[in-house]
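Chains, contacts and geometry: an overview
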Amino acid sequence: NVINFKTPQGHLQMSQRNYSEYGGPVAVLVRRAGKPAVIHTQTITGRETYLAGEYDLEILTLPRIRRKVEILPDQTTTLNIAAPGVLNINTNVTGHGSLYVINNDQTQRWVLNISGKPRETMGIQPGQYKLVFRAENALGSKFTKIYTFEIKSGTTKTLNLFGK
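Residues numbered from 1 in each chain as written. Predicted model: local features only at pLDDT ≥ 70, side-chain atom pairs only at ≥ 80, totals over all residues. Heavy atoms only, no water.

Section: the side chain of Thr61
- With respect to the element layout, Thr61 can be found in the loop between strand S5 (53-59) and strand S6 (65-71).
- Judged by its relative accessible area of 4%, Thr61 falls in the buried class.
- Engagement of the side chain of Thr61 in a polar contact is seen with the backbone oxygen of Pro63, the distance being 2.7 Å. (Helix = DSSP H or I, 4+ residues; strand = E, 2+ residues; numbered from the N terminus. Buried < 20%, exposed > 50% of the residue type's maximum accessible area, 1.4 Å probe, protein only. Polar contact = N/O pair within 3.5 Å; in protein donor to acceptor, adjacent residues only side chain to side chain.)

Quick look at the environment of Glu136
- Position of Glu136 relative to the elements: it lies in the loop between strand S12 (127-135) and strand S13 (145-151).
- You can call Glu136 exposed: its relative accessible area is 52%.
- Residues Glu136 and Ser115 lie 21 residues apart in sequence; the distance between their C-alpha atoms is 12 Å.
- In contact with Glu136, not counting residues within four places along its chain, are Thr94, Gly95 and His96. (Contact = heavy atoms within 4.5 Å.)

Notes on the pattern of salt bridges
- Tallied over the entire structure, the rule returns four salt bridges.
- The partner of Arg31 in a salt bridge is Glu58, with the nearest N and O atoms 2.9 Å apart. Taken together, the positions of Arg31 in strand S2 (residues 27-32) and Glu58 in strand S5 put the pair 27 residues apart, joining distant regions of the chain. Assigned by exposure class, Arg31 and Glu58 land together as buried. (Salt bridge = Lys/Arg side-chain N within 4 Å of Asp/Glu carboxyl O.)

A look at the sheet that holds strand S9 (residues 95-102)
- Pairing is antiparallel across the open sheet formed by four strands, whose spatial order is S10-S9-S12-S13. Here the strands that pair on one side only, and so sit at the sheet edges, are strand S10 (108-114) and S13. Neighbour-to-neighbour, the strand axes of this sheet turn through a mean angle of 25 degrees, independent of strand direction.
- Here seven bridges tie S12 to S13, and the two strands are oriented antiparallel to one another. From the neighbouring strand, Gln128 faces S13, where its bridge partner is Glu150. (Pairing = 2+ DSSP bridges. Axes fitted to C-alpha atoms, helices over the stretch in contact; angles between N-to-C directions.)

Structure (C-alpha coordinates):
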(Lines give C-alpha, C1' and ligand atoms only; values in the text may rest on other atoms or scores of the structure.)
Protein backbone atom coordinates (compact mmCIF):
# COMPACT_ATOMS: atom_id res chain seq x y z
CA ASN A 1 0.00 0.00 0.00
CA VAL A 2 1.16 3.47 -0.83
CA ILE A 3 -0.19 6.48 1.02
CA ASN A 4 0.61 9.88 -0.47
CA PHE A 5 0.91 12.97 1.71
CA LYS A 6 1.58 16.49 0.62
CA THR A 7 4.69 17.52 2.51
CA PRO A 8 5.81 20.97 1.39
CA GLN A 9 9.52 21.35 1.94
CA GLY A 10 12.05 24.15 1.82
CA HIS A 11 15.71 24.61 2.63
CA LEU A 12 17.72 26.34 5.33
CA GLN A 13 21.12 27.60 4.19
CA MET A 14 23.45 28.96 6.87
CA SER A 15 26.84 30.62 6.61
CA GLN A 16 29.44 32.37 8.76
CA ARG A 17 32.82 33.72 7.72
CA ASN A 18 35.82 32.84 9.95
CA TYR A 19 33.93 30.03 11.73
CA SER A 20 37.32 28.33 12.18
CA GLU A 21 37.90 30.67 15.15
CA TYR A 22 35.56 28.29 16.99
CA GLY A 23 37.68 25.29 16.01
CA GLY A 24 35.46 24.23 13.11
CA PRO A 25 31.90 24.61 11.84
CA VAL A 26 29.50 25.65 14.58
CA ALA A 27 26.57 23.38 15.44
CA VAL A 28 23.02 24.68 15.14
CA LEU A 29 20.20 23.09 17.16
CA VAL A 30 16.94 23.12 15.22
CA ARG A 31 13.58 22.93 17.02
CA ARG A 32 9.99 23.30 15.87
CA ALA A 33 8.83 26.77 16.95
CA GLY A 34 7.84 26.74 20.62
CA LYS A 35 8.84 23.09 21.17
CA PRO A 36 11.70 22.02 23.47
CA ALA A 37 12.84 18.93 21.55
CA VAL A 38 15.75 19.22 19.12
CA ILE A 39 14.68 17.72 15.79
CA HIS A 40 17.97 18.14 13.98
CA THR A 41 21.52 19.42 14.39
CA GLN A 42 23.13 21.01 11.37
CA THR A 43 26.37 22.91 10.91
CA ILE A 44 26.51 26.61 10.26
CA THR A 45 28.05 25.91 6.85
CA GLY A 46 25.35 23.49 5.74
CA ARG A 47 22.16 23.44 3.72
CA GLU A 48 19.36 21.18 4.94
CA THR A 49 15.82 20.37 3.86
CA TYR A 50 12.94 20.84 6.32
CA LEU A 51 9.18 20.64 6.23
CA ALA A 52 7.70 24.09 5.64
CA GLY A 53 6.97 25.94 8.89
CA GLU A 54 8.52 27.95 11.69
CA TYR A 55 11.64 26.86 13.55
CA ASP A 56 13.67 28.04 16.54
CA LEU A 57 17.43 27.92 16.01
CA GLU A 58 20.09 27.88 18.72
CA ILE A 59 23.48 28.61 17.21
CA LEU A 60 26.26 27.38 19.50
CA THR A 61 28.60 30.35 19.19
CA LEU A 62 29.94 32.39 22.11
CA PRO A 63 27.54 33.75 23.21
CA ARG A 64 24.79 31.53 21.86
CA ILE A 65 22.53 33.09 19.25
CA ARG A 66 18.80 32.35 19.13
CA ARG A 67 16.83 33.04 15.97
CA LYS A 68 13.41 32.24 14.58
CA VAL A 69 13.12 31.33 10.90
CA GLU A 70 10.30 30.43 8.59
CA ILE A 71 10.90 27.77 5.95
CA LEU A 72 8.69 28.33 2.91
CA PRO A 73 7.77 25.60 0.40
CA ASP A 74 10.20 25.27 -2.52
CA GLN A 75 12.35 28.15 -1.27
CA THR A 76 15.72 28.53 0.44
CA THR A 77 15.87 30.58 3.64
CA THR A 78 19.37 32.00 4.02
CA LEU A 79 20.79 33.00 7.39
CA ASN A 80 24.18 34.74 7.58
CA ILE A 81 25.80 34.96 11.01
CA ALA A 82 28.34 37.70 11.75
CA ALA A 83 31.96 36.56 11.69
CA PRO A 84 33.51 36.17 15.15
CA GLY A 85 36.44 38.07 16.56
CA VAL A 86 39.11 36.62 18.82
CA LEU A 87 39.56 37.33 22.53
CA ASN A 88 42.96 36.70 24.13
CA ILE A 89 43.12 36.80 27.93
CA ASN A 90 46.56 36.93 29.53
CA THR A 91 47.14 36.94 33.27
CA ASN A 92 50.11 36.54 35.57
CA VAL A 93 48.03 35.26 38.52
CA THR A 94 45.55 32.45 38.96
CA GLY A 95 42.06 33.59 39.74
CA HIS A 96 38.35 33.45 39.07
CA GLY A 97 36.48 35.31 36.40
CA SER A 98 33.36 35.48 34.29
CA LEU A 99 32.56 36.92 30.89
CA TYR A 100 29.28 38.79 30.27
CA VAL A 101 27.75 40.18 27.09
CA ILE A 102 26.23 43.65 27.41
CA ASN A 103 22.93 43.83 25.54
CA ASN A 104 21.63 46.90 23.68
CA ASP A 105 19.40 47.77 26.67
CA GLN A 106 22.52 47.67 28.93
CA THR A 107 21.43 44.46 30.66
CA GLN A 108 24.11 41.81 31.05
CA ARG A 109 24.01 38.10 30.35
CA TRP A 110 26.55 35.56 31.56
CA VAL A 111 28.51 33.89 28.75
CA LEU A 112 31.11 31.70 30.49
CA ASN A 113 33.52 31.38 33.37
CA ILE A 114 37.15 31.76 32.41
CA SER A 115 39.51 29.01 33.43
CA GLY A 116 42.11 31.15 35.18
CA LYS A 117 44.91 29.73 33.02
CA PRO A 118 47.78 32.12 32.20
CA ARG A 119 46.54 32.41 28.60
CA GLU A 120 43.14 31.79 27.05
CA THR A 121 42.05 32.34 23.45
CA MET A 122 38.50 32.04 22.18
CA GLY A 123 36.35 32.93 19.19
CA ILE A 124 33.56 35.29 20.23
CA GLN A 125 30.71 37.05 18.46
CA PRO A 126 30.89 40.82 17.85
CA GLY A 127 29.48 42.98 20.64
CA GLN A 128 30.09 44.72 23.95
CA TYR A 129 31.46 42.61 26.81
CA LYS A 130 32.49 42.80 30.42
CA LEU A 131 35.09 40.58 32.09
CA VAL A 132 35.04 40.39 35.89
CA PHE A 133 38.19 38.91 37.45
CA ARG A 134 39.67 38.51 40.93
CA ALA A 135 43.00 36.94 41.83
CA GLU A 136 42.73 33.73 43.82
CA ASN A 137 44.76 35.14 46.71
CA ALA A 138 42.82 38.45 46.88
CA LEU A 139 41.34 38.98 50.33
CA GLY A 140 38.18 40.82 49.38
CA SER A 141 35.84 41.94 46.65
CA LYS A 142 37.53 45.36 46.52
CA PHE A 143 40.31 43.63 44.55
CA THR A 144 37.91 42.57 41.78
CA LYS A 145 38.81 44.08 38.41
CA ILE A 146 36.21 44.84 35.73
CA TYR A 147 37.25 45.17 32.10
CA THR A 148 34.74 46.48 29.54
CA PHE A 149 35.59 46.03 25.87
CA GLU A 150 34.22 45.57 22.35
CA ILE A 151 34.75 42.68 19.97
CA LYS A 152 34.53 43.35 16.22
CA SER A 153 34.23 40.77 13.44
CA GLY A 154 37.58 39.54 12.19
CA THR A 155 39.66 41.39 14.80
CA THR A 156 41.60 40.30 17.88
CA LYS A 157 41.24 41.88 21.32
CA THR A 158 43.88 41.16 23.97
CA LEU A 159 43.21 41.73 27.69
CA ASN A 160 46.22 41.78 29.98
CA LEU A 161 44.95 41.18 33.49
CA PHE A 162 47.06 42.60 36.35
CA GLY A 163 49.72 44.16 34.17
CA LYS A 164 51.21 41.13 32.53
